[in-house]
Amino acid sequence: MNKEELLAKIESLRTEANGALAALDSLVSLQEFKVRFLGKKGLLTDILKSLSLLGPEERPIVGEAANRAKTEIESRLESLRKNLDQKERSRLQSQKQVDVSLPGLKLPRGFRHPLSLVEKEIESIFVNMGFSVFEGPDIESDYYNFEALNFPADHPAREMQDTFYIGPRTMDQGQRTQEKVHGPWSMVHGPLLLRTHTSPVQIRTMEKQKPPIYMICPGAVYRHDDDVTHSPMFHQVEGLMVDRHLTFGDLKGVLTLFCQTIFGKKLKTRFRPSFFPFVEPGAEVDISCVLCAGKGCRVCGGDGWLEILGAGMVHPAVLEQVKIDPKKFTGFAFGMGVERIAMLKYGIDDIRLFYQSDMRFLEQF
Ligand code: FA5
């Protein structure tokens, strides 16, 4: 193609572009125009590619004409784009008009979960008696959850709390087995597990702090357990008091005061002998049924009493394990289920209601 032919081609492209520009009515069609005329594979680029066929004196003349055409098309395109943009904005604005006289939206206010309410109430009763609040990890080692609490390896007491293990149960075996295998423990702290009770925090506290110790520890615990009164994840509050001259009388006094504060002054308590490897003597504490006041009903199974917690005097072997001299110090410990207390307090007969996030249930507290 020679110079004249190229100049004529540029002129006809300019005319064609001006005609097409006049017909553009949307931002989409504008983009299509840009690709067609000015794009990398567009008509103008096509012409510019032919410049290499011209002689050195002709090239600047045709090049300049092509650039002029390009600048003209680009500037018309830009003013058209602004115009269309403005039109589009006005259209959108007219669509979303705000009625400033409408009342505002009411955002629902959050509130505490019933289990948090009960946990906080338990905490504040003990804090008022002079206890401090401690925390421990949900993922525990066999050592803190069992061994330091005087559950010997292979002891049937381990079966009292059916455990979720994380990884192999025995360190030398390195594989999961169906049967319950406990030990031999080749590592100092043994395999990892989800704590089955909050009692390991007793050990962690006594390792760090010397008596006098007055602590409680709320937290989640985990067991293979699932029915209307037992959940695989539930909450406990542990308590531990270690000092000189503490007796079972102190244990009874503290726990009776607690039960009467949370359930009312008329409530009676009963301490029954029971077994936990980390206490001696051990007890389970019953309260007179909160529904029938001890007369006997469906909830208490007719005998007028409800079990709410485990307790006992800290076993001397546990004190020795954390290097506290059992001849100088004595202590007592207790552990209660938060769900159990919440169910009795609010008259709830299915533990699963706490975890279903059903607002009809939760809004009642
Ligand atoms: C213990 O867990 C002992 N660690 C308590 C203890 C602490 C005893 C200190 C002595 C000294 P037990 O397994 O009984 O004990 O559990 C205590 C409470 O947790 C029970 O009374 C019950 O209210 C609650 N509980 C037990 N299993 C479940 C479960 N699966 N779901 C809901 N609550 C449970």
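Details of the structure are given in the entry above.
Residues numbered from 1 in each chain as written. Predicted model: local features only at pLDDT ≥ 70, side-chain atom pairs only at ≥ 80, totals over all residues. Heavy atoms only, no water.

A. Representation of helix 1 (residues 3-23) in the model. The end-to-end C-alpha separation of helix 1 is 31 Å, in line with the 30 Å expected for 21 residues at 1.5 Å each. Lys3, Leu6, Ile10, Leu13, Ala17, Asn18, Ala20 and Leu21 are the residues of helix 1 that are buried. Down the axis, helix 1 shows its buried residues gathered within 165° of arc, on one side only. Of the residues in helix 1, the exposed ones pointing more than 90 degrees away from the buried face are Glu4, Thr15, Ala22 and Ala23. Of the surrounding elements, those touching the buried residues of helix 1 are helix 2 (27-38), helix 3 (43-49) and helix 4 (58-95). The backbone nitrogen of glutamate 4 lies 3.2 Å from a side-chain oxygen of the residue at the head of helix 1, namely asparagine 2. (Helix = DSSP H or I, 4+ residues; strand = E, 2+ residues; numbered from the N terminus. Expected span 1.5 Å × (residues − 1). Buried < 20%, exposed > 50% of the residue type's maximum accessible area, 1.4 Å probe, protein only. Arc of directions from axis to C-beta. Contact = heavy atoms within 4.5 Å. Polar contact = N/O pair within 3.5 Å; in protein donor to acceptor, adjacent residues only side chain to side chain.)

B. Geometry of the sheet that holds strand 2 (residues 139-141). Reading across the sheet, the three strands line up as 2-4-3 and stay open at both edges, with antiparallel pairing between neighbours. The open sheet is flanked by strand 2 and strand 3 (165-166), the only strands paired with a single partner. (Pairing = 2+ DSSP bridges.)

C. Focus on the pairing of strand 8 (residues 279-288). With eight of ten residues buried, strand 8 lies mostly within the body of the structure. Pairing analysis gives six bridges linking strand 7 (residues 269-274) to strand 8, with the strands arranged antiparallel. Each residue of the ladder has a partner; that of arginine 270, found in strand 8, is aspartate 286. What sits between strand 7 and strand 8 in their antiparallel hairpin is a turn of four residues.

D. Quick look at the site of the ligand. As a matter of local geometry, the ligand sits amid 25 residues, with His197, Ser199, Arg223, Asp225 and Glu307 nearest to it. Separating a nitrogen atom of the ligand from a side-chain N or O atom of aspartate 225 is a distance of 3.0 Å. Serine 231 places a polar main-chain atom, nitrogen or oxygen, 3.0 Å from a nitrogen atom of the ligand. Across the complex, the protein chains shield 93% of the 680 Å² of accessible surface that the ligand would expose by itself. Of all elements in the fold, only strand 6 (233-243), strand 9 (305-314) and strand 10 (330-337) reach the threshold of two or more residues within the shell around the ligand. (Near = heavy atom within 4 Å. Areas by Shrake-Rupley, 256 points an atom, 1.4 Å probe, with all protein chains shown as cover.)

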